[in-house]
Protein chains: 4
Amino acid sequence: MSGYLPGRHFLQIPGPTNVPDRVLRALAAPTIDHRGPEFGRLTKEVLAGLQRIVKTTGPVIIFPSSGTGAWEAALVNTLSPGDTVLMFETGQFATLWRGVAIRLGLSVDFVPGDWRHGVDPGAVEERLTKDRGHQVKAVCVVHNETSTGVASRVDEVRQAMERARHPALLLVDTISSLASMDYRHDEWQVDVTVSCSQKGLMLPPGLGINAVSQKALKASEAAKLPRSYWRWEEMLKPNQSGFFPYTPATNLLYGLREALRMLQEEGLDAVFARHARHGEAARRAVQAWGLDLQCLDPQEYSSSLTAVRVPEGHDADAFRKIVLERFNMSLGNGLGKVQGRVFRIGHLGDFNDLMLVGTLGGIEMGLSLAGVPHKKGGVQAALDSLEAGR
Amino acid sequence: MSGYLPGRHFLQIPGPTNVPDRVLRALAAPTIDHRGPEFGRLTKEVLAGLQRIVKTTGPVIIFPSSGTGAWEAALVNTLSPGDTVLMFETGQFATLWRGVAIRLGLSVDFVPGDWRHGVDPGAVEERLTKDRGHQVKAVCVVHNETSTGVASRVDEVRQAMERARHPALLLVDTISSLASMDYRHDEWQVDVTVSCSQKGLMLPPGLGINAVSQKALKASEAAKLPRSYWRWEEMLKPNQSGFFPYTPATNLLYGLREALRMLQEEGLDAVFARHARHGEAARRAVQAWGLDLQCLDPQEYSSSLTAVRVPEGHDADAFRKIVLERFNMSLGNGLGKVQGRVFRIGHLGDFNDLMLVGTLGGIEMGLSLAGVPHKKGGVQAALDSLEAGR
Amino acid sequence: MSGYLPGRHFLQIPGPTNVPDRVLRALAAPTIDHRGPEFGRLTKEVLAGLQRIVKTTGPVIIFPSSGTGAWEAALVNTLSPGDTVLMFETGQFATLWRGVAIRLGLSVDFVPGDWRHGVDPGAVEERLTKDRGHQVKAVCVVHNETSTGVASRVDEVRQAMERARHPALLLVDTISSLASMDYRHDEWQVDVTVSCSQKGLMLPPGLGINAVSQKALKASEAAKLPRSYWRWEEMLKPNQSGFFPYTPATNLLYGLREALRMLQEEGLDAVFARHARHGEAARRAVQAWGLDLQCLDPQEYSSSLTAVRVPEGHDADAFRKIVLERFNMSLGNGLGKVQGRVFRIGHLGDFNDLMLVGTLGGIEMGLSLAGVPHKKGGVQAALDSLEAGR
Amino acid sequence: MSGYLPGRHFLQIPGPTNVPDRVLRALAAPTIDHRGPEFGRLTKEVLAGLQRIVKTTGPVIIFPSSGTGAWEAALVNTLSPGDTVLMFETGQFATLWRGVAIRLGLSVDFVPGDWRHGVDPGAVEERLTKDRGHQVKAVCVVHNETSTGVASRVDEVRQAMERARHPALLLVDTISSLASMDYRHDEWQVDVTVSCSQKGLMLPPGLGINAVSQKALKASEAAKLPRSYWRWEEMLKPNQSGFFPYTPATNLLYGLREALRMLQEEGLDAVFARHARHGEAARRAVQAWGLDLQCLDPQEYSSSLTAVRVPEGHDADAFRKIVLERFNMSLGNGLGKVQGRVFRIGHLGDFNDLMLVGTLGGIEMGLSLAGVPHKKGGVQAALDSLEAGR
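What counts, and at which threshold
- Residues numbered from 1 in each chain as written.
- Chains lettered and ligands numbered in written order.
- Predicted model: local features only at pLDDT ≥ 70, side-chain atom pairs only at ≥ 80, totals over all residues.
- Heavy atoms only, no water.
- Least-squares fit on C-alpha atoms with pLDDT ≥ 70 in both.
- Contact = heavy atoms within 4.5 Å.
- Buried area = accessible area lost by both parts, 1.4 Å probe.
- Salt bridge = Lys/Arg side-chain N within 4 Å of Asp/Glu carboxyl O.
- Polar contact = N/O pair within 3.5 Å; in protein donor to acceptor, adjacent residues only side chain to side chain.
- Helix = DSSP H or I, 4+ residues; strand = E, 2+ residues; numbered from the N terminus.
- Core = buried A, V, L, I, M, F, W, Y, C linked by side-chain atoms within 4.5 Å.
- Buried < 20%, exposed > 50% of the residue type's maximum accessible area, 1.4 Å probe, protein only.
- Expected span 1.5 Å × (residues − 1).
- Arc of directions from axis to C-beta.

Moving on: the relation of the copies chain C and chain A. Superposing chain C onto chain A requires a rotation of 180° together with a translation of 0.0 Å along the rotation axis, leaving an RMSD of 0.0 Å. This pairing of chains is accounted for by a two-fold axis. Ranked by how close their C-alpha atoms come to the rotation axis, the residues of chain C are headed by Gly358 of chain C, at 2.1 Å. Of the residues that chain C buries at the interface, 100% are likewise interface residues in chain A, meaning the two copies contact each other through the same surface.

The next thing to look at is the interface of chain C and chain A. Taken together, the contacts link 40 residues of chain C with 40 residues of chain A. Surface buried jointly by chain C and chain A totals about 3500 Å² across both partners, of which 61% is contributed by carbon and sulfur atoms. Seen at the junction of chain C and chain A, the total is 4 salt bridges. A salt bridge links Asp384 of chain C to Lys376 of chain A; the shortest N-O distance between them is 2.6 Å.

Opposite the 52 residues of chain A that make contact, chain B presents 52 residues. Both sides of the chain A and chain B interface together cover about 3700 Å² of buried area, and 63% of this is carbon and sulfur. Three residues stand out in chain A for area buried against chain B, namely Thr31, Arg103 and Tyr229 of chain A, and they jointly supply 15% of the buried area on that side. Put simply, chain A and chain B have 2 salt bridges between them. Measuring nitrogen to oxygen at the nearest pair gives 3.8 Å for the salt bridge that ties Glu234 of chain A to Arg103 of chain B. Our count for the chain A to chain B interface comes out at 6 residue pairs in polar contact (both at pLDDT 80 or more). Those elements that provide at least two residues to the side of chain A that touches chain B are α1 (21-27), α3 (67-78), α4 (92-103), α9 (250-266), α11 (316-327) and β13 (329-333) of chain A.

With an RMSD of 0.0 Å, the operation that places chain A on chain B is a rotation of 180° combined with a shift of 0.0 Å along the axis. Take the interface residues of chain A: 100% of them recur as interface residues in chain B, which is what a same-surface contact looks like.

To continue, consider the nonpolar core. Core analysis: the biggest nonpolar cluster contains 196 residues, and Val139 of chain A together with Val139 of chain B have the highest contact counts within it. Not counting the four nearest positions on each side in its chain, Val139 of chain A is found in contact with Leu86, Phe88, Leu128, Val157, Met161, Ala168, Leu169, Leu170 and Leu171 of chain A. If you look at the next biggest cluster of nonpolar residues, it comprises 195 residues, including Ala73 and Leu201 of chain C together with Val157 and Val271 of chain D.

On to helix α11 (residues 316-327) of chain C. Over its 12 residues, α11 of chain C runs 16 Å from end to end, which matches the ideal 16 Å to within 8%, given 1.5 Å per residue. The set of residues buried in α11 of chain C consists of Ala316, Phe319, Arg320, Val323 and Phe327 of chain C. Taken end-on, α11 of chain C shows its buried residues confined to a sector of 100°, consistent with a single buried face. Summarising the contacts, the buried residues of α11 of chain C are in contact with α12 (353-369) of chain A together with β13 (329-333), β14 (342-346) and α12 (353-369) of chain C. One side-chain oxygen at the N-terminal end of α11 of chain C lies 2.8 Å from the backbone nitrogen of Asp317 of chain C; it belongs to Asp315 of chain C. After α11 of chain C finishes, the residue Asn328 of chain C shows a positive phi value of roughly 55°.

Attention now goes to the pattern of salt bridges. Per the stated rule, a full pass over the model turns up 100 salt bridges over all chains. Of the charged contacts, one joins Asp353 of chain C and Arg277 of chain C as a salt bridge, the two residues approaching to 2.6 Å between their closest N and O atoms. Here Arg277 of chain C lies in helix α10 (residues 268-289) and Asp353 of chain C lies in helix α12, a separation of 76 residues in the sequence. Relative accessible area serves as the criterion here: at 3%, Asp353 of chain C is assigned to the buried category. Taken together, the salt bridges that share partners define one network made up of Arg8 and Asp21 of chain A together with Arg8 and Asp21 of chain C.

So this is what it looks like as structure tokens:
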């Protein structure tokens with residue numbers, strides 16, 4: 001219908017991210033027998049690779065699902081009907097996770113927030129200290145709020161829990177942080193890490209991930225929420241020999257193997273440093289344009305994405321539409337409370353300096369075409385930052 | 001490590017099936033924004049295409065999941081804790097579905113079976129007639145038992161339900177029959193059709209499917225089983241404009257679009273006739289070898305796969321291992337009760353006469369190499385059948 | 001060994017160009033019988049498509065070869081040993097074509113040049129007017145000098161030939177201009193158009209192209225240079241029914257079909273306008289940096305590439321190495337006489353505004369890292385130009 | 001237009017062969033800079049790999065061309081206008097090579113043949129012994145005649161040349177034998193080995209190959225045929241550092257790298273044994289059908305293909321058309337003198353037992369559908385042969 005839009009599409013939403021060619025070609029390998037010997041080797045390789053990414057020696061579980069399924073899996077395996085969970089309104093995804101919990105029959109203590117800050121470790125400590133009866137069975141934290149570009153400090157949340165001497169489980173959503181920002185499942189004593197394929201892991205959507213502590217496994221024995229598809233114990237036994245209780249998403253696992261190899265080739269620390277440098281450069285551009293970051297606290301800046309506020313009276317979605325049509329670039333929209341007020345720049349996954357420069361160039365031109373008041377010089381500021389940050 | 005096995009692998013398990021090149025290449029297209037306009041068009045095309053395959057004018061829902069997830073979705077959307085469902089022990093997959101129901105807290109009336117017959121419509125009528133209080137809320141039928149190669153007559157089951165004037169829902173697993181054998185959701189008044197991507201739809205695994213009647217939708221309003229990921233109502237609204245409540249499996253949807261186009265190019269009736277001809281030729285080969293079919297009733301023969309019994313004292317898995325190593329072909333193993341006693345020949349999906357001849361040739365040579373007593377001439381019998389059946 | 005370089009490689013040499021995903025996936029289709037009916041349809045589609053691109057109603061010939069082969073084909077089909085051809089030293093590729101002519105036993109009248117200008121139509125007229133005996137059998141012009149970014153005005157060359165009333169053939173190399181810059185085989189009365197796959201046609205290398213006028217065909221009947229592989233007449237007959245005298249490069253032809261469809265979707269005029277806008281923006285960047293363009297005459301600016309001179313005492317190749325290693329971008333090197341003195345920015349083929357911005361950003365940062373004296377602001381100048389040029 | 005033909009196409013012409021998925025996906029990698037460091041490593045790997053296949057320690061040269069181009073290259077690099085070459089009418093390809101020689105201005109001594117035998121070493125000795133003045137500058141042998149399925153004994157030809165103490169060069173076409181049948185460039189003292197990509201090397205067409213002896217290199221210094229594109233010396237120098245004098249067919253070289261790795265994984269001796277076993281089984285099938293092989297001498301049977309004669313009064317092409325339309329299989333047609341009289345079964349390249357069984361099954365059914373008189377039992381005979389030959 002409409003003509004071909006030349007050149008590579010810039011997929012700068014904060015996930016799904018630009019899937020590298022190597023991964024796309026890996027996906028296109030012929031499907032094999034999920035009960036055969038070759039498949040067993042594939043499974044073992046990807047599970048071991050994910051352990052290295054999550055930084056755990058414990059089990060990792062892969063579901064054929066979206067990340068939303070991995071949220072649900074974390075809850076239904078560890079909790080019983082009516083259990084209380086402590087959640088924090090850091091943004092749209094925290095709010096959605098809360099919705100999952102409610103629909104599953106849990107009681108949610110939802111700490112209100114302004115969508116511009118992460119989880120306050122002090123608030124965690126205070127709440128849990130007051131919870132003498134240990135009604136709270138789990139603390140649920142979104143590590144990196146994909147709707148706001150605010151990163152919560154998971155290690156400090158864990159320390160707050162320890163100060164409160166509270167036995168609740170710590171469940172952490174790393175959907176838009178895993179393999180982009182530093183994350184340590186074992187060291188931070190996270191009980192369930194929730195993630196998925198289409199962000200830092202550089203895959204298309206279709207795989208949900210849980211990494212599980214011994215404490216969480218123990219909790220799952222007593223947990224009474226009905227579960228079948230998401231049932232960890234059904235997974236863990238066949239996984240040991242490289243198999244699955246039901247048909248896994250074969251071709252996405254090929255892609256995962258390739259992506260894990262690529263992350264290893266680059267080196268996880270290099271991956272984190274790269275994302276940090278890109279986050280910094282993107283924020284410099286935003287500041288040069290004279291626009292506001294959604295994230296207010298510099299210690300909570302995200303390396304994966306930058307959410308930018310448009311001035312009052314301007315529509316972020318109208319701007320995004322112009323950018324898509326004129327520059328063949330998808331930017332993330334404002335979600336929930338900040339719809340139309342915010343646009344989001346994804347700079348995670350298989351990304352490099354020149355892609356960022358192109359991305360910021362498209363935004364700078366788009367702001368102008370959309371009539372959004374701003375100063376020029378954002379791209380130049382990013383160039384200066386990138387050059388300095390090498 | 002081990003050397004390259006030359007030539008095309010023969011993936012003759014009854015699913016995942018041989019994914020056609022066109023679909024594999026479609027999978028490898030760059031991932032796009034699942035909230036953008038291009039994606040909306042994709043969604044609408046695949047949903048409309050699935051309606052044609054399932055033969056319904058009602059809604060079809062696609063989950064990022066395996067077929068097991070689609071089983072679960074059918075149950076949790078329509079039933080309440082403690083509800084009774086009527087199930088039939090037609091084989092391993094019927095038994096697994098029962099396990100899902102039990103884990104979700106349903107009460108299962110499981111009619112025993114010998115794994116060599118389909119659902120007996122007479123038994124359905126009898127059971128439901130006796131159920132004066134309408135305790136049974138759903139009748140669950142596996143259309144084509146992938147573990148046995150036995151096809152139940154869904155239309156006759158529906159007629160039996162009508163004769164019993166019973167209001168139970170009819171839930172049908174079409175996982176290994178859809179797009180391979182005649183199936184009519186609307187005409188047979190099926191309430192939930194359960195299916196998935198990796199069989200007749202010629203895709204890799206990763207998509208679960210529900211087609212839903214108005215009666216099932218109505219039931220979902222009252223159903224009390226907790227559900228979030230699988231919740232139909234969350235899907236139906238955004239689906240109307242081409243979107244999903246959570247990130248869909250983008251690249252598998254590309255593959256689905258291509259596969260649906262291919263099925264349309266060939267013509268659904270031609271697809272069914274092809275599968276029927278291949279089923280017939282495969283059974284002729286088995287009979288010529290002097291081996292027994294697992295399926296005892298000719299009116300219940302499957303067009304998708306043929307399960308073959310090996311003589312007493314012989315191990316079907318040892319035979320399969322030889323076939324894999326010597327002939328680069330994967331055959332289906334015996335599952336559950338028939339492990340080691342049965343092997344299964346998948347002849348569904350993107351398959352043609354010469355692939356079948358090669359498949360049967362590998363079996364005939366493999367039987368000989370494995371020392372399984374048999375007569376020669378199976379391939380010849382299949383050739384004669386294929387030639388006659390054109 | 002060396003780590004993975006994240007993100008999309010920027011292949012900004014002036015060809016091979018960034019091959020679009022659609023074309024790459026088309027290449028990966030299974031090879032078919034080059035004597036079968038499906039192949040015949042493929043051939044006819046690509047030949048007709050090339051006619052539209054070259055703007056001719058006459059025959060187009062595709063060789064399994066590089067562009068160098070297409071140069072050779074143009075000469076051996078039209079000329080006899082010892083014939084004189086008039087060539088112009090516009091740069092490295094004109095010089096290489098001359099080498100081909102000499103090796104084939106032709107006599108070359110090579111008009112010297114400074115590598116910063118195109119063919120001077122006045123010089124053509126003058127030379128040919130003096131050639132009363134019509135010793136010159138062919139005038140060979142490189143439309144777009146890939147080594148310098150200078151475009152010769154082919155239509156004015158033809159007009160000069162007409163003013164001189166000279167019967168020589170006009171052979172034109174469009175290797176780096178075809179499908180990027182306006183070109184009209186029939187209207188400009190070109191006798192042989194020489195081209196290849198890996199530039200504006202957005203394919204990998206491997207196809208050489210000749211478009212041939214009736215006059216050239218007539219000349220080929222008398223031409224005495226030995227030829228077999230490149231023999232037009234052997235091609236033309238089987239081509240009419242969609243076949244080739246020897247095995248064609250099947251999979252590259254799949255890619256060509258896809259590329260031609262994409263060019264048609266975008267529209268050839270839109271393609272030219274896009275290249276022109278990118279050329280303009282690139283030159284603005286160079287000027288803002290305070291660097292010199294290799295091309296001195298604005299009416300000869302190339303839309304396909306921009307060749308940039310580095311200041312005396314600086315090494316363009318050292319700069320290019322830094323750009324490759326730090327920014328994952330390949331820039332074109334200086335060739336022949338300008339080695340080390342020039343780098344080349346390819347902005348042709350499947351390319352868009354944001355790719356150009358990224359490209360220029362990498363150059364600006366690279367100049368700084370390499371210590372090449374320059375002013376900042378090149379990217380900003382390009383942004384301004386792009387925005388103005390929409 | 002016509003509907004989708006389900007299942008994998010059987011490409012059983014004697015080349016292009018069924019390209020393995022790994023190679024197809026390798027082809028689809030993004031095109032890179034042919035002057036960059038990564039490319040240099042690619043070139044060196046594929047040249048070294050080809051040396052192992054051709055069994056030489058001398059140079060191997062790759063042209064972006066078909067095999068026909070590699071024929072031409074062998075001639076123009078070693079010979080001068082008017083030179084005499086000794087050629088043998090073993091079939092269509094020998095005849096075509098002769099055409100190339102004639103068009104290039106060589107004098108061909110063409111020893112007549114019946115298209116059912118290979119080169120007679122005795123005839124070589126006799127001719128060369130008589131050629132006291134050493135008029136014959138090269139002996140040209142087609143190792144495996146792709147039009148007839150007859151393999152000439154190159155080692156015996158070399159021995160005959162030695163017995164005649166004749167200094168002529170030995171040029172050998174291995175187009176349909178290389179990487180399928182035993183071949184030893186150095187040991188047999190071949191001077192130029194001619195080959196290409198689309199047969200045993202399992203690639204699409206587009207690469208021509210020459211392996212060159214020191215004697216041939218020496219001859220090239222004196223050879224006077226005009227040459228530019230095919231000029232070895234221009235290739236050899238840049239090849240040493242991994243580069244090419246003109247743009248090479250990048251993506252086909254990716255495929256070549258993958259194919260060479262696969263051949264090494266399987267092991268060259270295993271590759272030869274596999275082809276021999278398939279040739280034997282195919283001939284057993286033909287004999288069981290009661291049809292005649294085109295090749296009359298068992299010591300000249302080809303392992304790559306089997307040419308089969310249809311009985312008088314029947315049309316091989318009508319039969320082939322039925323096989324294509326009904327069974328989605330391409331068989332090779334009769335070429336030149338045997339058009340309509342012969343069909344050819346390609347069983348070379350990426351091929352295995354079950355593909356062969358399917359191939360032969362399609363032929364057996366096709367013979368019946370086409371009304372070609374034959375006995376049943378060919379597939380059965382092949383199964384017996386394959387089983388015995390393991």
